[in-house]
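# Notes for the structure review
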Amino acid sequence: MSHDGVRPRAVLRSVTFLTAGALAVTALAGCSSDDPAGKPLAGADIAPAARSEITDGGTLRWAVDTVPDTLNTFQSDADATTARVAQAVLPSMFRMDAQGRPERNPDYLESAEVVETEPKQVVLYKLNQQAVWSDGREIGAADFAAQWRALSGKDTAYWTARNAGYDRIEKIERGKGNLEVKVTFSRAYADWRSLFTPLYPKEVMGSPDSFNDGARKKLKVTAGPFKVKKVDGKKDEVTLTRNARWWGDPARLEEIVLRAVPRDERVAALADGKIDLAEIDASAARRITVSARSKDGATPLMGPGRDAASSAEALHSWAEANGSDEDASDEEVTAREKAVARAKEEKALTGFEVRKSLEPAYTQLALNGAEGPLADERVRRAVARALDRRALAEAVLKPLGLPAEPVGSHLALAGQAAYADNSGALGDQDAKEARALLADAGWVPGGPVKEEKGEKGDKEKAAGAEGKKADGSGKDSGDDGDDDGTYIVGEDGEDGDEKKEKKEKQGEGEKDEGKKDDKKDDGDDKKDDGKAPAESEGGSGEDHLAQDGPQLKQGAAPGAYAPKGTAAPAKAETAPLAKNGKALTLRFVLPSGPGSDVLRTVSDRIGTMLARVGIRTDVTKVDDESFFRDHIASGQYDLALYSWPATAYPATDARPVYAKPVPAADGSLNVEQNYTRVGTDQVDQLFDQAVTTLDDGDRSALLRKADSRIWAAAGSIPLYQRPQLTAARKDLVNAGAFGFRTPVYEDMGFLKKSAGGPAGERATAGTE
């Protein structure tokens, strides 16, 4: 699991669609020029090629995070690899196009449509007459009915993770023949296209025993271009092989091996020839790109016309000629060995390229509204208004050459039918408004803080280096002679541009005043309550007050007033805030494992942005295993960064993520998947309306209203669409960074020698 936003696994359908890029939306029509859904920010990057150009045979070795504990996607321990296997070996009634919109899968369906709405909704499926299971039996109504009964929730003997949609079905019956399936719903269900994808055979779904245990490590009956050959826990790999009974376009590959490789070991596995395709992080992508740019594998250190192998040999010869291991220091020997290994790796990596797109998932800042300062909506909104979301998106995506647009919806991504930029319901970045909201909530700049015993040590331990970046630093300012002694909380005086201009015009006069201030500061070094945060990378000083102190204006205050006679703290705009003797400090929880570098960069920038309005952050880094379980799900955090997949069916899938928490029978709070604990009755009602609205346009309108209200509640702030970086052999085609598109497994393969390109370098692609 990538940690550019850790992904909760609570919503199984979401995890399934996220990993495979198989997202859908409910409208089939294309985008018009005035459609708020727009177009995807980035398309698939899969090196497309005609099937005629692809060699027949070969093995694709594809890196995955884990070997799955189960092959049943409807069980709670299903994971990303479970979904990938299911896509290759089981029927899917709909698959997704490049815009994340559903399209009928003609290999299984001739048609599927709502044929009745009154008195009940009826959907008629007409199956492809060639569609058969691998044992030769026709796919038919019996399989649909068995899956419905297993997932309806009526029989608790089935250990299912979810039953959304299946619980609305009243009956399933044959139509005019074996190839027609009629599904009648007891209640209208707009997301009916989400059902029966994947479709398991009745042999798996027909009884609780077969459902619970029969499809965990093997699938005897399948119906895709591939079938499961073996799940090998010792070798950490799943092997898929061609399905001889597949009626569609024959798979070009002989086998696909899904091999578990930790993300921090994937570059080495690529260089060693152990894998052909792998999702990678930005640092790995840079290593591969640098190698690919080096002509014939040469690097600047090798000089022109030298390949990696010859350079490595030359380096080794030099080492022998200039001293034995006994004479050389350990450091020199180690440096030589590393250089040789690096040269060989770069040579091996020239056979790969990085394919990139945007993943169908977004990273958000989650704000826990259950307790503490963030239980106040004004404080949550202030946090949101302090953020420059575009700057955060650019920090992550711009170096990768990907579109850096902030995400404007909680419920969909650009290109999907339900998408619209509804962030205006909360407002753009506005430091003045953020400070006004905080002042209205009673948080006073530079107020006295009562430090509890042991609190300082605990904070330093929790925050670490990142937390310290949010602490204040700067100089105190003197009082304004024209001031009547009242400090107005939230008054900003001049904005950043005015301050900068004024500072430039002050010239020598300002320098003279600075000398006086320096003398004063020399005696007040310990009085740093109101210090402003130092600028960090990517930060700007334009939001800071000028050195001559705040310009107080009576009557213009948007917030509270301190008692007359209270001195205005220096740099009041950025001074840490306090209320009732307690500082406004938010616990920022982050994962600490490999791949979390991007999150740490984003959190540092967020901390700097919040410090500019007086909010401090204490950063706590935790193990990946406990990040979600012990902190996010249990509510032990104030701020956190993690990702949600963009679902094709937000009326169904997103409701539990944003539903208003309700008290459970045992007195606890039932939050479903709403880990921010922020929700409203109005949002719930809009979801309930949307899931029963069959008209695509009307349903999208309801979902956009719901999203606007989710923005306004400020429980979570979408930041950016996640980057999708994939390392692929240069001769591997129709595979890579899929974006929204569902992979077409039968079209993947290696180019023929005659097709040109690097395919000729590897006649038996993928073999070991």
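Described in the following lines is the structure provided in the data block. This one's a predicted model, so the numbers in the text were calculated from it and none came from an experiment.

## With respect to the sheet that holds strand β14 (residues 577-579)
With antiparallel pairing, the 3 strands of this open sheet are ordered in space as β13-β14-β15. At either margin of the open sheet sits one strand with a lone partner, and together these are β13 (444-445) and β15 (582-583). Sheet analysis places β14 next to β15, joined by 2 bridges and oriented antiparallel. Bridging from a neighbouring strand, K579 pairs with K582 of β15.

## Overview of the packing of aromatic side chains
As enumerated under the stated definition, the model contains 18 aromatic pairs in all. With centroids separated by 6.3 Å and ring planes inclined at 40°, the aromatic side chains of W62 and F738 adopt a geometry described as tilted. Residue W62 is found in strand β1 (residues 59-64), and its partner F738 is found in the loop between β22 (732-733) and β23 (749-750); the two are separated by 676 residues along the sequence. Taking the centre distance of 5.3 Å and the plane angle of 50° together, the rings of Y125 and F144 count as tilted. With a gap of 19 residues between them, Y125 in strand β5 (residues 122-127) and F144 in helix α3 (residues 141-151) connect regions that are remote in the sequence.

## Looking at helix α19 (residues 681-691)
Inspection of α19 places V683, D684, L686, F687, A690 and V691 among the buried residues, and these make up the whole buried set. Viewed end-on, α19 has its buried residues packed into an arc of 160°, placing them on one side of the element. Packed against the buried residues of α19 are α17 (650-653), α18 (655-658) and α20 (696-713).

## A closer look at the nonpolar core
In terms of nonpolar packing, the biggest core is built from 108 residues, with Y125, F196 and L240 touching the most fellow members. F196 has contacts with P91, M93, Y125, F144, Q147, Y166, I169, I172 and V183, leaving out every residue within four places of it along the chain. Grouped together as the second largest cluster of nonpolar side chains are 62 residues, V261, A278, V383 and L426 included.

## What to know about the packing of helix α11 (residues 389-397) against helix α15 (residues 597-611)
The contact between α11 and α15 brings their axes to 10 Å, and the two run at 155°. Viewed along their axes, α11 and α15 adopt a mutual orientation that is roughly antiparallel. Taken as a pair, α11 and α15 cross one another with a handedness that is right-handed. Residues A391, L392, A395 and V396 of α11 pack against V598, V602, R605, I606 and M609 of α15. In the contact of α11 with α15, the residues fall into 8 nonpolar, no polar and 1 charged.

## A few points about the sheet that holds β5
In space, the 4 strands of this open sheet follow the order β4-β5-β7-β6, with antiparallel pairing throughout. What marks the edges here is a single partner per strand, and that holds for β4 (109-116) and β6 (169-174). Geometrically, the sheet is characterised by an average inter-axis angle of 15° between neighbouring strands, direction not taken into account. Of the pairings in the sheet, the one linking β4 to β5 comprises 6 bridges and is antiparallel in character. Paired with V114 across the bridge in β5 is V123.

## Looking at unusual backbone geometry
In this model, E118 is joined to P119 through a cis peptide bond whose omega is -5°. Across the junction of T197 and P198, the peptide omega takes the value 0°, indicating a cis bond. On the secondary structure map, P198 appears in the loop between β7 (180-185) and α4 (202-205). A positive phi angle, near 60°, is found at F196, a position not held by glycine. The residue F196 is located in the loop between β7 and α4 in this model. Here F196 falls in the buried class, since its relative accessible area comes to 0%. Although it is not a glycine, N734 adopts a positive phi angle of roughly 60°. One can find N734 in the loop between β22 and β23.

## Here we look at the packing of helix α10 (residues 377-386) against helix α12 (residues 431-440)
The geometry of α10 relative to α12 is characterised by a closest axis approach of 8 Å and an angle of 165° between their N-to-C directions. Judged by the inter-axis angle, α10 sits roughly antiparallel to α12. Of the two possible hands of crossing, α10 and α12 adopt the one that is left-handed. Contacts between α10 and α12 involve R378, V379, R381, A382, R385 and A386 on the former and, on the latter, A431, E433, A434, L437, L438 and D440. Across the contact of α10 with α12, the residue classes break down as 7 nonpolar, no polar and 5 charged.

About the thresholds
Residues numbered from 1 in each chain as written. Predicted model: local features only at pLDDT ≥ 70, side-chain atom pairs only at ≥ 80, totals over all residues. Heavy atoms only, no water. Pairing = 2+ DSSP bridges. Helix = DSSP H or I, 4+ residues; strand = E, 2+ residues; numbered from the N terminus. Phe/Tyr/Trp six-rings, centres within 6.5 Å; stacked < 30°, edge-to-face > 60°. Buried < 20%, exposed > 50% of the residue type's maximum accessible area, 1.4 Å probe, protein only. Arc of directions from axis to C-beta. Contact = heavy atoms within 4.5 Å. Core = buried A, V, L, I, M, F, W, Y, C linked by side-chain atoms within 4.5 Å. Axes fitted to C-alpha atoms, helices over the stretch in contact; angles between N-to-C directions. Parallel < 35°, antiparallel > 145°, perpendicular 65-115°, else oblique. Left-handed = near helix turned anticlockwise from the far one by under 90°. Nonpolar A, V, L, I, M, F, W, Y, C, P; charged D, E, K, R; others polar.

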